[in-house]
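Chain and residue survey
Given next are the chains, with one letter for each unit.
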Amino acid sequence: MLLPGLPAILGGRVAAGSAALLLWIALLATAFLGWERFLRALSGTWDERLALATWALAILLLAAWSRREGRPERARRAWPARTQWALAWEAFRKNRLAVAAAAVVVLAYLLALLTPLLAPFDPALQGELTTERLLPPSSRHPLGTDQFARDVLSRVLYGARISMTIGFVAMSISMTIGTLLGAVSGFAGGRVDTVIMRVVDMVLSFPRLVLLIAIIAFFEPSIFLIVAVLGLTQWPHPTRLVRGEVLSIREREFIQAGRALGLSGARMVLRHVVPNALAPVIVAATLGIGDTIVLEAGLSFLGLGVQPPTPSWGTMVADGRDNLFGAWWISTFPGLAIVLVVLSFNIAGDGLRDALDPRSRR
Amino acid sequence: MPLLEVTALRTHFDTDGGTARAVDGVSFSVEEGETVGIVGESGCGKTVTALSIMRLVPEPPGRILPGASIRLRDRELLELPDRAMREVRGREVAMVFQEPMTSLNPVLTVGDQIREALVLDGRLDGRRARRAAVRLLGEVGIPDPGTRYAEYPHQLSGGMRQRIMIAIALALEPGLLIADEPTTALDVTIQAQILDLIAKLRERRRMGVLLITHDLGVVAEVADRVLVMYAGQIVESGTVREIFLSPRHPYTRGLLASLPRLSVTRKRLSPIPGYVPDAAAWPDGCRFRPRCPHAWEKCGEPPPASPSGGRPGERTVRCWLPDEPERRGAAARVATAAPAPGGKPAEAEEPPLLRVRGLRKYFPVRSQRRGNRAVVRAVDGVSFEIRRGETLGLVGESGCGKSTAARAILRLIEPTEGAISFGGDDVRSMNGDALRRLRRQAQIIFQDPFGSLNPRMTVEDMLGEILKVHGLATERNTRRRRILELLDIVGLLPGHADRYPHEFSGGQRQRIGIARALSVEPELIICDEPVSALDVSVQAQVLNLLRDLQGELGLTYLFISHDLAVIRHVSDRVAVMYLGRIVETASVTRLYRHARHPYTRSLLSAIPRTEPQGAARAERILLEGDIPSPAAPPPGCHFHPRCWHPGRDQACTAGIPPLEPAGRRGHRAACIKLRGESGA
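In this numbering scheme, every chain counts its residues from 1 along its sequence in written order. The lettering of chains begins at A and the numbering of ligands begins at 1, in the order of writing. Whole-chain, interface and lining totals are the exception, using all residues; otherwise, since this is a predicted model, local features are given only for residues with pLDDT of at least 70 and side-chain atom pairs are given and counted only at 80 or more. Only hydrogens and water are set aside when side-chain values are computed; all heavy atoms of the structure are taken into account.

1. Some thoughts on the overall build of chain A
Defined as follows: By definition, any uninterrupted DSSP run of H or I lasting at least four residues is a helix, any uninterrupted run of E lasting at least two residues is a strand, and each is numbered from the N terminus. Throughout, exposure labels follow a simple rule: accessible area from a 1.4 Å probe, protein chains only, divided by the maximum for the residue type, with under 20% read as buried, over 50% as exposed, and the rest as partly exposed. Residue contacts follow a heavy-atom distance rule, with two residues in contact if any of their heavy atoms lie within 4.5 Å. Accessibility throughout is a Shrake-Rupley quantity obtained with a 1.4 Å probe, and a residue counts as covered only by protein chains that appear here. By the counting scheme adopted, Arg and Lys are positive, Glu and Asp are negative, and His together with the chain ends is not counted. Taken as the charge centre is NZ of Lys, CZ of Arg, CG of Asp or CD of Glu, depending on the residue.
The helix and strand tally for chain A stands at 16 helices and zero strands. Along the first, second and third principal axes, the C-alpha set of chain A runs to 80 × 60 × 40 Å. For chain A, buried positions account for 44% of its 362 residues. Contacts in chain A between residues at least 24 apart in sequence constitute 70% of all its contacts with a sequence separation of at least 6. Element-wise, carbon and sulfur atoms account for 69% of the exposed surface of chain A, whose accessible area totals about 18,900 Å². Mean positive and mean negative side-chain charge positions of chain A (34 and 24 charges, respectively) differ by 11 Å.

2. Concerning the overall build of chain B
Worth spelling out the cut-off: We compute the radius of gyration over the C-alpha atoms and compare it with the globule rule, which gives 2.2 Å times the number of residues raised to the power 0.38.
Helix and strand content of chain B: 20 helices and 24 strands. Whereas a compact globule of 680 residues would reach a radius of gyration of roughly 26 Å, chain B reaches 26 Å, a difference of no more than 12%. For chain B, the spread of C-alpha atoms along the three principal axes comes to 75 × 65 × 50 Å. Split into buried and exposed, the 680 residues of chain B put 54% on the buried side. In chain B, once contacts between residues fewer than 6 apart in sequence are set aside, the share between residues at least 24 apart is 68%. Side chains of chain B carry 94 positive and 80 negative charges; the gap between the two charge centres is 4 Å.

3. A look at the sheet that holds strand β3 (residues 35–39) of chain B
All names here are of chain B. The following threshold applies: Strand pairing requires that DSSP identify at least two bridges connecting the strands. Helix axes use the C-alpha atoms of the stretch in contact, all axes being lines fitted to C-alpha atoms, and the angles between their N-to-C directions lie in the range 0 to 180 degrees.
Reading across from one edge, β7-β8-β9-β3-β10-β11-β12 is the order of the seven strands in this open sheet, with mixed pairing throughout. Strand pairing shows two members of the sheet lacking a second neighbour, β7 (93–96) and β12 (316–317), which therefore form its edges. Taken strand by strand, helix α6 (residues 158–170) contacts β7 and β8 (176–180), and its axis lies near 170° from that of β7.

4. Observations concerning the pattern of salt bridges
Residue and element names in this part refer to chain B. Going by this rule: A pairing counts as a salt bridge when a side-chain nitrogen of Lys or Arg comes within 4 Å of a carboxyl oxygen of Asp or Glu.
Under the defined criterion, the tally for this structure stands at 46 salt bridges over all chains. The residue glutamate 32 makes a salt bridge to arginine 73 at a minimum N-O spacing of 3.6 Å. Placement of glutamate 32 in the loop between β2 (18–30) and β3 and of arginine 73 in the loop between β5 (69–72) and β6 (75–76) is noted, with a sequence separation of 41 residues between them. Residue classification places arginine 73 among the partly exposed residues on the basis of a relative accessible area of 37%. A salt bridge links lysine 402 to glutamate 529; its shortest N-O distance comes to 3.7 Å. You can see lysine 402 sitting in helix α12 (residues 402–409) and its partner glutamate 529 sitting in the loop between β19 (524–528) and α17 (536–553), a full 127 residues away along the chain.

5. Structural notes on unusual backbone geometry
All names here are of chain B. A positive phi angle is found at arginine 73, which is not glycine, with a value near 50°. With a phi angle near 50°, glutamate 173 is a residue other than glycine that sits in the positive phi range. By secondary structure assignment, the location of glutamate 173 is in the loop between α6 and β8. With a relative accessible area of 56%, glutamate 173 lands in the exposed category.

6. Thoughts on the interface of chain A and chain B
What counts is decided by this rule: Using a 1.4 Å probe, buried area is obtained as the accessible area two parts lose upon being combined, added over both of them. The definition of a polar contact used here is a pair of N or O atoms within 3.5 Å, where within protein one atom must be able to donate a hydrogen and the other to accept one, and adjacent residues in sequence count solely through side-chain atom pairs. Polar here means any residue other than Ala, Val, Leu, Ile, Met, Phe, Trp, Tyr, Cys and Pro, which are nonpolar, and Asp, Glu, Lys and Arg, which are charged; Gly is therefore polar.
On the side of chain B, 30 residues touch chain A, which itself brings 24 residues to the contact. Interface of chain A and chain B: buried area, both sides summed, is about 2,500 Å²; carbon and sulfur atoms make up 51% of it. Applying the counting rule to chain A against chain B returns three salt bridges. B:Glu465 is paired through a salt bridge with A:Arg271; the nearest N and O atoms lie 3.7 Å apart. Counting across the chain A and chain B interface gives 13 residue pairs in polar contact (both at pLDDT 80 or more). Within the residue set of the side of chain A that touches chain B, elements represented by two or more residues are α6 (84–94), α13 (253–260) and α14 (265–301) of chain A. Its residues placed into classes, the side of chain A that touches chain B shows 10 nonpolar, six polar and eight charged.

7. Here's the deal with α13(A)
Taking burial as the measure, the eight residues of α13(A) include seven buried ones, the bulk of the element. Three or more residues of α13(A) are buried, namely A:Glu253, A:Phe254, A:Ile255, A:Gln256, A:Ala257, A:Gly258 and A:Ala260. Buried positions along α13(A) lie against α12 (236–250) and α14 of chain A together with α12, α13 (432–441), β18 (442–445) and α16 (506–518) of chain B. In the segment just after α13(A), A:Gly262 is the residue with positive phi, at about 80°.

8. Overview of the pairing of strand β10 (residues 225–230) of chain B
In summary, the side chains of a regular strand alternate between the two faces of the sheet. Residues and elements named next belong to chain B. Most of β10 is tucked away: six of the six residues are buried. Where burial is concerned, the two faces of β10 agree: the one with Arg225, Leu227 and Met229 and the one with Val226, Val228 and Tyr230 are both buried. Relative to β10, β3 runs parallel, the two sharing four bridges. If you follow valine 36 over to β10, its bridge partner there is arginine 225. Summarising the sheet, β10 and strand β11 (residues 233–239) pair through six bridges and their orientation is antiparallel. Counterpart to methionine 229 in the pairing with β11 is isoleucine 234.

9. Brief notes about the packing of helix α3 (residues 35–42) of chain A against helix α7 (residues 96–118) of chain A
All names here are of chain A. Short version of the rule: Roughly parallel means an angle under 35 degrees; roughly antiparallel, over 145; roughly perpendicular, 65 to 115; everything else is oblique.
It is the contact of α3 with α7, at a shortest axis distance of 10 Å, that shows an interaxial angle of 105°. As far as their axial angle goes, α7 and α3 are roughly perpendicular. Where α3 approaches α7, its residues Arg37, Phe38 and Ala41 are matched on the opposing element by Pro116, Leu117 and Leu118. When its residues are assigned to classes, the contact of α3 with α7 shows five nonpolar, no polar and one charged.

10. Some remarks on the packing of aromatic side chains
In plain terms, the rule: Between rings of Phe, Tyr and Trp, where Trp is taken as its six-membered ring, a pair exists when centres lie within 6.5 Å; planes separated by under 30 degrees are stacked, by over 60 edge-to-face, and by other angles tilted. For a ring to carry a charge above it, either NZ of a lysine or CZ of an arginine must fall within 6 Å of the ring centroid while also lying within 35 degrees of the normal to the ring plane.
A full pass over the atoms with the stated rule returns 10 aromatic pairs over all chains. With 5.7 Å between their ring centres and 80° between their planes, A:Trp328 and A:Trp329 make a pair best called edge-to-face. Classification of A:Trp329 by relative accessible area gives buried; the value is 6%. Summarising the aromatic geometry, the rings of B:Tyr599 and B:Phe639 are spaced 5.2 Å apart at their centres and angled 65° between planes, so their arrangement reads as edge-to-face. In this pair, B:Tyr599 is assigned in helix α20 (residues 598–606) and B:Phe639 in the loop between α20 and β23 (660–661), connecting sequence segments 40 residues apart. Taken individually, B:Tyr599 and B:Phe639 each receive the classification buried, so the pair is uniform in this respect. Among the aromatic side chains, those forming a connected cluster through ring pairs are A:Tyr109, A:Phe168 and A:Phe345. Lying across the ring of B:Tyr149, B:Arg130 places its NZ or CZ 4.1 Å from the centre.

11. Considerations on the side chain of A:Asn276
Along the polypeptide, A:Asn276 turns up in helix α14. Contacts of A:Asn276, omitting those with residues within four sequence positions, involve A:Glu245, A:Ile249, A:Phe254, B:Asn454, B:Pro455 and B:Arg456.

12. Some points on α12(B)
All names here are of chain B. Among the eight residues that make up α12, seven are buried, leaving the element largely enclosed by the rest of the structure. Looking only at α12, the buried set comprises Lys402, Thr404, Ala405, Ala406, Arg407, Ala408 and Ile409. Arginine 411 sits one or two residues past α12 and shows a positive phi near 60°.

13. Description of the environment of A:Ala91
Residues and elements named next belong to chain A. With respect to the helices and strands, alanine 91 occurs in helix α6. Residue classification places alanine 91 among the partly exposed positions, given a relative accessible area of 23%. Sequence separation between alanine 91 and leucine 352 is 261 residues, and the spatial gap between their C-alpha atoms is 8.9 Å.

14. Describing the sheet that holds strand β22 (residues 581–587) of chain B
Backbone-to-backbone hydrogen bonds pair the strands of a sheet. The strands run either parallel or antiparallel. Residues and elements named next belong to chain B. Read from one edge of the open sheet, eight strands run β18-β19-β20-β15-β21-β22-β24-β23, paired in mixed fashion. Since the sheet does not close on itself, it has two edges, and those belong to β18 and β23, each with one partner. Across the sheet, α16 is in contact with β18 and β19; its angle to β18 comes to roughly 175°.

15. A few points about the packing of helix α8 (residues 152–188) of chain A against helix α16 (residues 329–356) of chain A
All names here are of chain A. Quick reminder of the rule: Whether a crossing is left-handed or right-handed is set by the direction in which the near helix is turned from the far one by less than a right angle, anticlockwise for left-handed and clockwise for right-handed.
Between α8 and α16, whose axes approach to 10 Å, the crossing angle comes to 35°. As α8 packs across α16, the resulting crossing turns out to be right-handed. Within the contact between the two elements, α8 uses Val152, Val156 and Met164 and α16 uses Trp329, Phe333, Pro334, Ala337 and Val341.

What follows is the structure in structure tokens.
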């Protein structure tokens, strides 16, 4: 109970148990070592409070999970019915690599949220330019400093907030638009379908990068603008995906049965069509976040994305490219962060696809 | 020496749910020139047996356990190296699969696919192989083989494709042909052609044939000997006459009793209770014990196949029962169930519940050439009526428009033309509330028990939603009570309410579909092939349930099926459809005894009988050719190109023959050549 994960380790599930145990220790250690910051954060800015809330929530969740693990087998298996989601979870759990990737994703978001409590320095804080420039990794600066004597670790952590938030929000926007338009297009059919699909074709036929460069060239680049632009150019893909899915579901007999039973159109879409079309959307969204993070990094690298001094992984890689041989750590660590997170998203997405698609099961 | 001798074959699969013992100790033999049928329900190990002989079982997860032997003439197949086994496949043992749609390569012409087999063999060069391929096409009964040689699979009908599959299988003159459900995907008239072809080829080539099927009729028709499989074992074997005329194993008897017969009308079937268990969890002892009406203590021990393995001419039964004959009599009395009350059709004076006049449904299709709009006349002028409490059977082969007609009646698709009146109200002008009222009074049960239930909803959610929407049970508790009541009516348990569709077997799903239809307390239920996806024993359970419900709730059925035996079993009156039109309609007894229309008569003669050879068989009419496409039906009488009637002439193509009286009591047929003849 006091040590989450221990029952799991004793119960033979070593990987999950030790992960939980390490996380628990890490969370407690942050609080213990940085108790002054915790106190300050209580009356700090909103993102510091958010970090505190996240910390408390993580502790609570771990404890709750530990309680459940600790209880005897019988009580735990009180699943009321084995839903399709439960089955998918069982299938997903068997894929070790995907579970590990999902853990990395969760950890990355946890780190991003906890950054104000973790980062050793202010990301924009410039140190003594004469003595603290381009320092290699050391105990004071675990990932070294850049040409403005800023701590690279802190910037990677804060950069995670920017990059991953952009990825998540932009994907949510495009998925929401895509699901809605796709469902309407597939279910209504006829003229509505034709109009929506032609708009999709038009958007798809635009070279996206050129469009982004043009928009950003006209307006002052800001995080809000980047999110909006990325989100609003990516929706055609989920639209096509959902439309195809809805078209096939619409022909299934349970939809006909629903019509024969006099259910209304809205009810059919919300209760019968959308839940059945959801699985591929989740997969596409997971894979899409990774893509968006890469795209944002690319834009930032070209100077079209997040503007300095705000740290984002893309701008950091760009910052370090002049000193790549003298100070490799400036570009390398944000670059590794991009690779690790995007790879995790892709692996987790592939795992989800296998788990959610009943055709590939067994 | 037998052609094929299988001894103690065990093929197991390692799955998440444990070891599935799909085939578990099977021994039999096939002689030259002999047809051996393997029958049994799905999940009994028939196909795995065939794949094991071909050594096509995927390993892993499958594995053939040591100790087994498969001898082909003098060679042990299980010991052959992979290369040598490849030589055996095709040359000595060939296989024909169930699905002619997917077994052919769509990007090669059918001729090239046959030629490929011949050339790979190395015996023939390209040109001679081509000639041989054309000859083979002719041999399997493909008209105009020279032209057909250059066609692609999608240009051929299902029956034609199955012929091509057979031609490929025969290309290298194998000694043994394994046919795995070769006719299951085909219509009866086409099935009769294919079975006839296999029988002729076997005779001509002295081949051994191993015929795997779930259809007892097919086996009775063409097999010399029969092996009955249940739960991975052969439970009974013997000659066709022995198996069908004096079955000994309770499973065999159960299967035969489950089968609706053409000779008997409206008798309650005696199905085998329960379902085939999962292959990873066969029961201990006798595997049929949980479903067996005779089971007693001794059945806890696994019965041996007695006497020893299935040598030719020998009769084996895997059951304790023959050892204790006195038990048989006692149990036999239990087995004869009391006849259930049949639905009593109301008297003719009452207006019909459903009246359909001149119903038409045309689907537009894009024609390949030019821009002119072609139409598929799926339903082309159908008229009938159903009285309250009556069952009208609508029978016809695939593509004849019976399902389309059913959906058009319920306005699930909009009819193109025609009048539909339900209980005196005009269905076609209904809107909004009126349409919703219709949906409460007329319901539909679908064929596919897997596709017709929303996989993301529990049974309770599904039924509860309907009750809520129609305001039939607004309060939570009453709703729950009503749901349990519905489940009870269809023979499910209260515990099933919280489950999802994927947790049920096919038969149970169909019961859920019936419960869903009943939830709105309808008067009319359209049953669209409700049992054709089910195994015979489960089919009998569902048919009995539908009958009982009709008696208890006074339901009216429009029962659609391609299976004439099922239709005979459930219907009061029957309408036969061909290419969008009704060609004959009569009371069930009249139709089956005195069918007049040439199509109906050939249809009836094409059904494989389960009374082997013994029962006198009326003349057998083997139809030639395929069912034409409804996009381009022949002019006049749609049936005339395939018609065997001696009087067939130019007049048949002149106009659509009307449905005219052809006998007593409302017997009508659409054939101008019957006018002169006397109605029997």
